Amino acid sequence: MKLLHIDSSISGEASASRQLSAAIVTALTVAAPGLEIIRRDLDADPLPHLDSKLLPAIRPDPASDPATRPTDEKGSAALAEFLDADIVVIGAPMYNFTIPTQLKAWLDRIVIAGKTFGYTETGPIGLAHGKQVVIASSRGGLYAPGMPFEANDFQETYLRAILGFIGIKDIEIIRAEGIAYGPEQHEAAIRAALASVAQVVSEFVPARAA
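Computed from a predicted model, the values in this text were never measured in an experiment.

Engineer: Can you tell me about the packing of helix α3 (residues 73–84) against helix α4 (residues 101–110), naming the residues and giving the values?
Structural biologist: Remark: α3 packs on α4, axes separated minimally by 8 Å, with the N-to-C direction vectors making an angle of 75°. Here α3 lies roughly perpendicular to α4, going by the angle between them. Mapping the contact onto sequence places G75, A78, L79 and F82 in α3 and W106, R109 and I110 in α4.

Quick look at the structure:
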């Protein structure tokens, strides 16, 4: 089995989502010995955002000459890593109510018609079936269901929507939120999130390992 470990925080060692994603990967490697880890740090090695120059590389004009088409080698590598992975762990902090721009650039490389989804006469269908995803989510405020600012969550809701669109239904979220509400709340949120890792992994791995 292969595990793709994605981090997108730009906060370095102070990052809560990086701390959580590392703990999740460690727990998964213990629960599933022999798991191959593929690492992609979107801050240390970011993917360029799609623009008019790169778009023909992923959506080529059939009438164009293949020899003169632009290439997107980093994007192609990111897509291949994703397609090969059985489990994907995504470190995803909330920035301005949504995901980091680095993570959006990665998603734009994996949500590709004909690769991870397709169009039919009845609408789009996901093609990336059978993958399991764990999201390490961190937020400065409180946006969980039932919280006053729940409607401002365009981070976890977006990730569930876009991953579901390409056919991934097995998604778990380990969340630390309210981490900007002072040192005590920060520590309590991280501690609670870390404490939930073992239970999530224990429920997550057996179906895949079997």
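Engineer: I'd like a rundown of unusual backbone geometry, residues and numbers included.
Structural biologist: Phi angles above zero are rare outside glycine, and N96 is one such case at about 50°. Take N96: it is sitting in the loop between β3 (87–93) and α4. With relative accessibility at 74%, the residue N96 sits in the exposed group. Its identity is not glycine, yet F97 carries a phi of approximately 75°, on the positive side. Secondary-structure assignment places F97 in the loop between β3 and α4.

Engineer: Go over the sheet that holds strand β1 (residues 2–7), please, and point to the residues and values.
Structural biologist: Reading across from one edge, β2-β1-β3-β6-β7 is the order of the five strands in this open sheet, with parallel pairing throughout. On the outer flanks of this sheet lie β2 (36–41) and β7 (170–177), each paired with one strand and no other. The average undirected angle you get between the axes of adjacent strands in this sheet is 15°. Against the sheet, α3 makes contact with β1, β2 and β3, and its axis sits at roughly 145° relative to β2, the strand it touches most.

Engineer: Outline the pairing of strand β5 (residues 123–126), supporting the account with residue identities and numerical values.
Structural biologist: As paired strands, strand β4 (residues 117–120) and β5 are joined by four bridges and run antiparallel to one another. When the bridges of β5 are listed, Y119 appears paired with P124. Remark: two residues form the turn of the hairpin made by β4 and β5, two consecutive strands paired antiparallel.

Cut-offs used in this document
Residue positions are given per chain, counted from 1 along the sequence in the order it is written. Residues qualify for local features only when their pLDDT is at least 70, as the model is predicted, and side-chain atom pairs are given and counted only at 80 or more; totals for whole chains, interfaces and linings, by contrast, use all residues. Processing note: side-chain calculations cover all non-hydrogen atoms of the structure and skip hydrogens and water entirely. Note on geometry: axes are lines fitted to C-alpha atoms, helical ones only across the stretch in contact, with angles between N-to-C directions running from 0 to 180 degrees. Note on conventions: DSSP H or I runs of at least 4 residues are helices, E runs of at least 2 residues are strands, and numbering of each starts at the N terminus. Working rule for angles: under 35 degrees goes down as roughly parallel, over 145 as roughly antiparallel, 65 to 115 as roughly perpendicular, anything else as oblique. Contacts are assigned to residue pairs that have any heavy atoms within 4.5 Å of one another. Note on classification: 1.4 Å probe, protein chains only; a residue is buried when its accessible area is under 20% of the maximum for its type, exposed when over 50%, partly exposed between these limits. Only when DSSP finds a minimum of two bridges between them are two strands counted as paired.

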